[in-house]
Amino acid sequence: MINKQLILGILISFMCMHMAIAQSEIEQQIKELSTLKWQWMADKNADSLAVLFHDKAKFVHMGGTWGKDREVDIIRGGFIHYKKAKIHEVMVEVLNESTAILWNEITLVAVVGQNEVTNPFMVTEVYIKQNDNWKLADLTFSKLLVRE
């Protein structure tokens, strides 16, 4: 007769392994989506960004905080052109199957108004899953004093 504790242990191990694999897959999806977002920003692809951004998303910049419509309009109009984000480090924390937080340490080259600027940032991105699609719910730029 097989030990019930052994069977229970095997089942728990299998469930933990399945959860770890699912979490790893979500982490990879979020990393890929974030990379794609930076490319869309560089390309001024406002239509794709409008689909990615949650309707209630907030964007926190050095110059203020605003919602989805204004962010899309700013990108579409070229007031901020995110020319290149050089990504130095990426960390993802999956909170559950529908919420993930990504942190990027980047050096961002952007044109703001008529001025090209380069700044080091820690960027926080909060993603939520809505109708089987990941949506960006928050994008916060925190300027770093120095990049080590």
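Before reading further, recall that the structure is shown in the block above.
Parameters and conventions
Residues numbered from 1 in each chain as written. Predicted model: local features only at pLDDT ≥ 70, side-chain atom pairs only at ≥ 80, totals over all residues. Heavy atoms only, no water. Pairing = 2+ DSSP bridges. Helix = DSSP H or I, 4+ residues; strand = E, 2+ residues; numbered from the N terminus. Axes fitted to C-alpha atoms, helices over the stretch in contact; angles between N-to-C directions. Contact = heavy atoms within 4.5 Å. Phe/Tyr/Trp six-rings, centres within 6.5 Å; stacked < 30°, edge-to-face > 60°. Lys NZ or Arg CZ within 6 Å of the ring centre and 35° of its normal. Salt bridge = Lys/Arg side-chain N within 4 Å of Asp/Glu carboxyl O. Buried < 20%, exposed > 50% of the residue type's maximum accessible area, 1.4 Å probe, protein only.

K.L.:
Tell me about the sheet that holds strand β6 (residues 133-143), residues and numbers included.
P.N.:
Within the open sheet, the 6 strands sit side by side as β2-β1-β6-β5-β4-β3. Their pairing is mixed. Two strands close off the open sheet at either side, each with one partner strand: β2 (64-67) and β3 (80-96). When strand polarity is set aside, the average angle formed by the axes of neighbouring strands in this sheet is 15°. Sheet analysis places strand β1 (residues 53-61) next to β6, joined by 4 bridges and oriented parallel. Across the sheet, residue F59 finds its bridge partner in β6, namely L139. Each of β1, β2 and β3 touches helix α3 (residues 68-77); the most contacted strand, β1, lies at about 70° to it.

K.L.:
Now, about the packing of aromatic side chains: what can you tell me, with residues and values included?
P.N.:
Inspection of the entire model under this criterion finds 4 aromatic pairs. On the numbers, 6.2 Å between centres and 70° between planes, the contact of W38 with F141 is edge-to-face. With W38 in helix α1 (residues 4-42) and F141 in strand β6, this residue pair connects regions lying 103 residues apart in the sequence. An aromatic cluster of at least three residues, connected via ring pairs, comprises W38, Y82, F121 and F141. The positively charged end of K37 is found above the aromatic ring belonging to W38, 3.2 Å away from the centroid. Positioned above the aromatic ring of W66 is the side chain of R70, whose terminal nitrogen or guanidinium carbon lies 4.3 Å from the ring centre.

K.L.:
Tell me about the pattern of salt bridges, and name the residues and values.
P.N.:
Counted under the stated rule, the structure contains 4 salt bridges. Here E125 ties to K37 by a salt bridge, and the two come within 3.2 Å at their closest N and O atoms. Taken together, the residues E125 in strand β5 (residues 115-130) and K37 in helix α1 connect sequence positions 88 residues apart. The class of K37 is buried, set by a relative accessible area of 0%. Across the pair E116 and K83 runs a salt bridge whose closest N-O atoms are separated by 2.7 Å. Residue E116 is found in strand β5, and its partner K83 is found in strand β3; the two are separated by 33 residues along the sequence.

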